[in-house]
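# Structural features, examined
Residue strings, one per chain:
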2 protein chains.
Amino acid sequence: MLQSPNIHQPLYQKETAKDIIKGLQRELAALQQSLRNAKIPVIVLFEGLDASGKGSLIAKTIANLDPRGYRVHSTDVPTSEDMRRPVLWPFWCDLPLQGEMSLLDRSWYNRIIRLGQDDVEMINTFERQLCDDGYLVLKFFLNIGKKEQRKRLQKLADNPATSWRVTREDWQHYLDYRQRADTWADLLTQTNPSYAPWHVIWNEEKYDGTIEVLTTIRDAIQTAIAQGAPTGHHAPLESFPLLPMAPLDDVDLSCTVTPEAYRIALKAEKAKIQELHSQLYRKKIPVVLCFEGWDAAGKGGAIRRLSSAMDPRGFDVIPVAAPSKEELARHYLWRFWKNVPKDGHIAIFDRTWYGRVMVERLEGFTPASRWERAYQEMNEFEAELTQWGAVVLKFWVHIDKDEQLKRFTNRQETPEKRYKITEEDWRNREKWDAYRMAVDEMLAKTSTENAPWIVVEGNDKLYARLKVLRTVRQALEVRLQ
Amino acid sequence: MLQSPNIHQPLYQKETAKDIIKGLQRELAALQQSLRNAKIPVIVLFEGLDASGKGSLIAKTIANLDPRGYRVHSTDVPTSEDMRRPVLWPFWCDLPLQGEMSLLDRSWYNRIIRLGQDDVEMINTFERQLCDDGYLVLKFFLNIGKKEQRKRLQKLADNPATSWRVTREDWQHYLDYRQRADTWADLLTQTNPSYAPWHVIWNEEKYDGTIEVLTTIRDAIQTAIAQGAPTGHHAPLESFPLLPMAPLDDVDLSCTVTPEAYRIALKAEKAKIQELHSQLYRKKIPVVLCFEGWDAAGKGGAIRRLSSAMDPRGFDVIPVAAPSKEELARHYLWRFWKNVPKDGHIAIFDRTWYGRVMVERLEGFTPASRWERAYQEMNEFEAELTQWGAVVLKFWVHIDKDEQLKRFTNRQETPEKRYKITEEDWRNREKWDAYRMAVDEMLAKTSTENAPWIVVEGNDKLYARLKVLRTVRQALEVRLQ
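What counts and how
- Residues numbered from 1 in each chain as written.
- Chains lettered and ligands numbered in written order.
- Predicted model: local features only at pLDDT ≥ 70, side-chain atom pairs only at ≥ 80, totals over all residues.
- Heavy atoms only, no water.
- Contact = heavy atoms within 4.5 Å.
- Buried area = accessible area lost by both parts, 1.4 Å probe.
- Salt bridge = Lys/Arg side-chain N within 4 Å of Asp/Glu carboxyl O.
- Polar contact = N/O pair within 3.5 Å; in protein donor to acceptor, adjacent residues only side chain to side chain.
- Helix = DSSP H or I, 4+ residues; strand = E, 2+ residues; numbered from the N terminus.
- Least-squares fit on C-alpha atoms with pLDDT ≥ 70 in both.
- Pairing = 2+ DSSP bridges.
- Axes fitted to C-alpha atoms, helices over the stretch in contact; angles between N-to-C directions.

As a further point, take the interface of chain A and chain B. How big an interface is tends to be expressed through the accessible area that disappears when the partners come together. Counting residues at the interface gives 40 residues for chain A, matched by 42 residues for chain B. Summed over both partners, the interface of chain A with chain B buries about 3,800 Å², with 55% contributed by carbon and sulfur atoms. By the criterion of area lost to chain B, the three top residues of chain A are Trp164, Pro312 and Arg313 of chain A, representing 17% of everything that side buries. The tally of links between chain A and chain B comes to seven salt bridges. Asp311 of chain B is the salt-bridge partner of Arg165 of chain A, the closest N and O atoms lying 4.0 Å from each other. Linking chain A with chain B are three residue pairs in polar contact (both at pLDDT 80 or more). Breaking the side of chain A that touches chain B down by element, the ones donating at least two residues are helix H2 (54-62), strand E2 (70-74), helix H10 (259-283) and strand E7 (315-319) of chain A. By residue number, the principal contributor to the side of chain A that touches chain B is H2 of chain A, which donates five residues.

It is worth spelling out the relation of the copies chain A and chain B at this point. Laying chain A over chain B is done by rotating through 180° and shifting 0.0 Å along the axis; what remains is an RMSD of 0.0 Å. When the rotation and shift are considered jointly, the pair of chain copies conforms to a two-fold rotation axis. Of the C-alpha atoms belonging to chain A, the one lying closest to the rotation axis is found on Ser80 of chain A, 2.7 Å away. Mapped onto chain B, 100% of the interface residues of chain A are again interface residues, and the two copies thus contact each other with one and the same surface.

Residues and elements named next belong to chain A. The strand order across the open sheet built from five strands is E2-E3-E1-E4-E5, with neighbouring strands paired in parallel fashion. Single-partner strands in this sheet number two, and they are E2 and strand E5 (198-202). Taking the axes of each pair of neighbouring strands and ignoring which way they run, one obtains an average angle of 20° across the sheet. Two elements, strand E1 (residues 42-48) and strand E4 (residues 136-143), share seven bridges in a ladder whose sense is parallel. When the sheet's bridge partners are listed, Gly48 is paired in E4 with Leu142. Most of the contacts of helix H8 (residues 177-190) go to E4, to which it runs at about 160°, and overall it touches E1, E4 and E5. Helix-sheet contacts for helix H9 (residues 208-227) involve E1, strand E3 (101-105), E4 and E5, and the interaxial angle to E4 is about 170°.

Keep in mind these numbers describe shape, not what the thing actually does.
As structure tokens, then:
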């Protein structure tokens, strides 16, 4: 993909080119308003060989833009926080809002090359997920020849004001020009889907590349406003090895434990988890624990018993409620990605991304085309976490309808618990059967080997808490072996 | 302040102590709900000598709490992002929401000791600002004797599961016990105001310290709910050396520049700024540029001319609109602190924290007691930025009422500009005189030597843009000398 053109002559005369560029910059500024109205989020990323002119092209792209609608992200060097998260984490965190534009100086591509990883599949999945969610993803690769690279590096090095910009690494890259160009060419070829294709720009001439980039951005935005951004939905669905799950109605809720046995076992499990937590921290293994379940099923109590066994500096409980305005204006996984734990840390999600296929599905907040796709997206999200090295466990805390009624009534009648019960809880209860079917489908479609669902029999609270602790303890033991 | 008690005997018997602790944990959980209703944000910070039991005390504090209402922050080691910002930056970013609680394992005190800084004044200002804004700040220092420290470190070191936790630094701290204890004692004595006093806890006994901490937290929260958190308002007002500012009505708005002179000067200024920007980046000098001005005064145009001279990877434009729900639920400076630039980077604020004493004052969004205090708080904020090493410039882009009318009318009549003008702009215009008086007061009270206001004569847009660029260029030249 990285061939240089046969003819090395500028397409445009200097004055003509400058006028064209000015015109394009004005057009882009005018398009910003329509983009905002169309609520399309746009990501424009620039990759390229060293000294190929990324910075100056970004400057020319934003020249006339209203700063309220874009943000430039420089992602060349990962921060210490980035290094403790999955590769894509910083890019998820920086996703633009609907109607806004992110310009990336280097991107996940560079990160992967820098880290010596070659996870093309992960990139393709990421971009498909973005496009499926309505993001317009524009990718530019700026290409220059070896001679031109040398000339530019030398010019920077000769000027005392800029010489510090040219590092030993840059010269090494120059020496490895051929090999680096080949590596990039390979990567580009493997990451070139119709919905997020590469635009390789020959950027030796002063104006031609700029005109090409600005024209491409303008046309893509115009098309997206007229027809919507291209979606990746038709991409081949990946299948995940699923664990068989019994329907909820078959779950035996008669399991119990005596308070005495509970007390003894709880103490033992907590002591073990405490020790395992310390080992995880040391070995930098991240853990993601997810809790879902019926209202009043006892998620909170189970989470409290579990977390009280842990050093509070090593875990976070992330309560998940209805999304805020800022969260709604981004990919629905954004707020969960943001809370991915550091390595060696534990994130406990009190409700999760699975709201997508439960409340959002049943209350009609999300159209079918979107929540149906979510099973795969969530499997992919969790696969990425486990590939990164995380332990992922998902608990469905289960009770039956009678037990729920008993607990609701108890909450209503106990003054200090009354705040826990709302009108909404009663409304949800009326839809029990619909929810049960949705949960059965969720369990069947998203219980993967690496990120399994564990149904917790919750009619007996003590039994449920113990099962959660035991399951976590066992999973950590296996991982630490 | 760090004396050990005379009598080394536990106050409580084991079983009694355990019951008391359980009771206190339940009380704290019950208080959480009232705290939320009272909208009081709470910060509980734990400092202490090594192995004094901070982690375990935090664990006991949160044992029964609803995770939706608190967050634990471990701030022992600064991240690479922290290191590129003012010392207090990470703590500002982590401020809890109203009605919620932050528990800090180490804090700004440790950061200052770690960095070898001794900026007691900065800490006192920070805590006063928090208390003035309604934060309840609880500070615990856990103290143990040298022998006990040795015993604890040895115990950790002897256990293969925990030996890795004891670092060479810990043993060094043990050897330097006396000196470290003295350093802390000094720091504590100097940072012990009535509204945020230290609670020094002798934490050698297993239960006594816990009971003391939990009781203190409970009592402080109860008192704050009943009477409001203690405020620091009565603290002595610091005075800043102010620059004399002419009232807006005396500004000569007849300044102009010919298009030809503008074109030539603009090009020269941009070239110089480009070079200076590169030097700033290299020398890691941060820059904060603030833009305020009448509606349609030309802030956007000036910002665009300025930023087009800069490498887009080295600056951010931060547009400031009405605060979101999350922003309103924290200290009003929070959203600006979050956007403090990295060293070597430039932050351009399109509207600023001065909204506090303009729109918030005049529309009655903020009571007088609060916006009156804001002049000092903003001077303090900017003083912290400049002490950190930042260049801070504040521009008031000024036009007269006739010029504004002309521009409003032009916007209304030009289809592609119409979105820029709203009903609110017309309403604000009616309050011109009130705004003018507020701006005059603002300029008079907050134009400090380190962070001066520059009034830009804006009736001639070209002149205004040029003045902005020239002022920035000169300030950078001075700083880089």
